[in-house]
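# Architecture at a glance
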Amino acid sequence: MRDMIRATLGRRILGAILALGLTLSPAFAGGKKHADIENIGKRDINKGSWNLYSVEREIALGRFLANDVERTSRLLQDPVVTEYVNRVAQNLVRNSDAKVPFVIKVVDSDEMNAFALPGGFFYINTGLVLAADNEAELAGVMAHEIAHVAARHATKQATKAQIINWLSIPLIFIGGPVGYGIQQAASLAIPLTFLKFSRNAEREADYLGLEYAYRTGYDPLAFIEFFEKVRKKEKEKKGTIPRAFSTHPMTEDRIKKAQEEINLVLPAREDYVLDTSEFAQIKTRLKLMQAQRVSSDERAPTLRRREQSPKNEKRPDKSEQDEGQPPPLKRRSE
Ligand code: ZN
């Protein structure tokens, strides 16, 4: 109850601050905002919004969260796939407004997911690569995640929460803000705090992501097509939408807005990159790795025995041995 009163009070004070014209994160209106695509990378998309985190602190926070991710997930070690995913993603980063260097890793998981932590620690599941039908679809999802980082959504959201928090506790308890973010992060679960964004933030990430994919040379429509496909799958079979997409609901409204923004801001081009032969090769490689894993799981008990004489040439020796020494089982039955 007391917490509720505090929260209400905090919200009221916050409301007053907002009324005074201090915007924490200006509402994203789409349309003309960030429409200057020729200035991508040079413009400051975070101008005028509050953020208690310096870029350095944001990177430190991201690194802290990334340690947690890597402790609990299995990273793909295959150099061919990781190099490819890195190249596609870094190319998008170069064509974005992100001001932090990106660290990109592939997670060996069938779950269709990709997420970028504050500070540019970006994880892409093999399941997402396999779910995409072409490189432009994969790039579209990546660009959306890169946009969350470029627009600093996680730390802006944390800033908002922190201010509400500060406003709702007596001033005497407020210590130095340095290191507070890390301390706060330690007690919270990663996915919801730093990965679930407001509808407004989602719209902005859609919008910016479309710009980044377009500027890199991809067909921006592929992003929308990918999500429509995912939605259709979910309609056919409930429960197939993975967690990533339940925290990123692709509503009809979002699809419509994205479509409008493509028409409004991105001048039509004659040629887009939709697919590359490399993408097909990477998918084949991943499917093969998947199949090998399945078959080795199935054969696990017999495989272990055969491992001692893996070469076919050794088999005659084995049968000779068998002739000379009948297996003990046969003897017992006599
Ligand atoms: Zn998102």
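Residues numbered from 1 in each chain as written. Predicted model: local features only at pLDDT ≥ 70, side-chain atom pairs only at ≥ 80, totals over all residues. Heavy atoms only, no water.

### Quick word on the overall build of the chain
Looking only at helices and strands, one finds 16 helices and three strands in the chain. Looking at the 334 residues of the chain, the share that counts as buried comes to 42%. Contacts in the chain between residues far apart in sequence, at least 24 positions, make up 79% of those at least 6 positions apart. When the accessible surface of the chain is summed, it comes to about 19,200 Å², and 55% of that surface belongs to carbon and sulfur atoms. (Helix = DSSP H or I, 4+ residues; strand = E, 2+ residues; numbered from the N terminus. Buried < 20%, exposed > 50% of the residue type's maximum accessible area, 1.4 Å probe, protein only. Contact = heavy atoms within 4.5 Å. Areas by Shrake-Rupley, 256 points an atom, 1.4 Å probe, with all protein chains shown as cover.)

### Focus: the environment of aspartate 219
By the element assignment, aspartate 219 lies in the loop between α9 (199-216) and α10 (221-236). On the accessibility criterion, aspartate 219 (17% relative accessible area) is buried.

### Quick notes on the packing of aromatic side chains
Tallied over the entire structure, the rule returns five aromatic pairs. Clustering of aromatic rings is evident, with ring pairs tying together Phe223, Phe226 and Phe227. Arginine 57 extends its terminal NZ or CZ atom over the ring of tyrosine 53, reaching a point 4.8 Å from the ring centre. Against the face of tyrosine 214 rests arginine 269, its NZ or CZ located 3.9 Å from the ring centre. (Phe/Tyr/Trp six-rings, centres within 6.5 Å; stacked < 30°, edge-to-face > 60°. Lys NZ or Arg CZ within 6 Å of the ring centre and 35° of its normal.)

### Describing the nonpolar core
Val85, Phe102, Phe122, Ile124, Met142, Tyr212 and Phe226 are the most contacted members of the largest nonpolar core, which has 59 residues in total. No other element matches helix α5 (residues 135-150), which puts 10 residues into this core. Setting aside its immediate chain neighbours within four residues, phenylalanine 122 contacts Ala89, Phe102, Val103, Ile104, Lys105, Ala114, Phe115, Ala116, Met142, Glu145 and Ile146. Ala66, Phe115, Phe121 and Tyr123 belong to the second largest nonpolar core, which has 11 residues in total. (Core = buried A, V, L, I, M, F, W, Y, C linked by side-chain atoms within 4.5 Å.)

### Structural notes on the confidence of the model for the chain
Averaged over all residues, the pLDDT of the chain is 76; the fraction at 70 or higher stands at 66%. When the criterion is pLDDT under 50, residues 170-191 qualifies, and its contacts beyond four places in sequence or with other chains add up to 29 contacts. (pLDDT = per-residue confidence, 0-100.)

### Focus: the packing of α10 against helix α12 (residues 252-265)
At a closest axis distance of 10 Å, the pairing of α10 and α12 adopts a crossing angle of 165 degrees. Classified by the angle their axes make, α10 and α12 are roughly antiparallel. As for how α10 packs across α12, the hand of that crossing is left-handed. Two secondary-structure elements touch here, α10 through Leu221, Ile224, Glu228 and Arg231 and α12 through Glu252, Ile255, Ala258, Gln259 and Ile262. Of the residues that constitute the contact of α10 with α12, the class distribution is five nonpolar, one polar and three charged. (Axes fitted to C-alpha atoms, helices over the stretch in contact; angles between N-to-C directions. Parallel < 35°, antiparallel > 145°, perpendicular 65-115°, else oblique. Left-handed = near helix turned anticlockwise from the far one by under 90°. Nonpolar A, V, L, I, M, F, W, Y, C, P; charged D, E, K, R; others polar.)

### A few points about unusual backbone geometry
When glycine is set aside, most residues are seen to have a negative phi, and most peptide bonds are trans. If you check the backbone angles, arginine 152 has positive phi at about 55 degrees while not being a glycine. Within the secondary structure layout, arginine 152 lies in the loop between α5 and α6 (153-168).

### Overview of the sheet that holds strand β1 (residues 103-107)
Note on sheets: strands pair through backbone hydrogen bonds, and any given pair is parallel or antiparallel. Taking strand neighbours across the sheet as the criterion, the three strands line up as β1-β3-β2 in an open arrangement whose pairing is mixed. Pairing within the sheet leaves two strands with one partner each, and these edge strands are β1 and β2 (114-117). Averaged over all adjacent pairs, the angle separating strand axes in this sheet is 15 degrees, with direction ignored. Each of β1, β2 and β3 (121-125) touches helix α2 (residues 55-72); the most contacted strand, β3, lies at about 30 degrees to it. (Pairing = 2+ DSSP bridges.)

### Looking at α5
Taking 1.5 Å per residue, 16 residues should reach 22 Å; α5 reaches 22 Å between its end C-alpha atoms and fits that length. For α5, a buried count of 16 out of 16 residues is recorded, marking the element as mostly surrounded by other parts of the structure. Where α5 begins, one side-chain oxygen reaches toward the backbone nitrogen of alanine 136, 3.2 Å away; that side chain belongs to asparagine 134. Immediately downstream of α5, the backbone of arginine 152 shows phi near 55 degrees, a positive value. (Expected span 1.5 Å × (residues − 1). Polar contact = N/O pair within 3.5 Å; in protein donor to acceptor, adjacent residues only side chain to side chain.)

### A few points about the side chain of glutamate 58
Checked against the element boundaries, glutamate 58 lands in helix α2. A relative accessible area of 3% places glutamate 58 in the buried class. Among residues more than four places away in sequence, those in contact with glutamate 58 are Asn51, Pro118, Gly119, Val149, Arg152 and Thr155.

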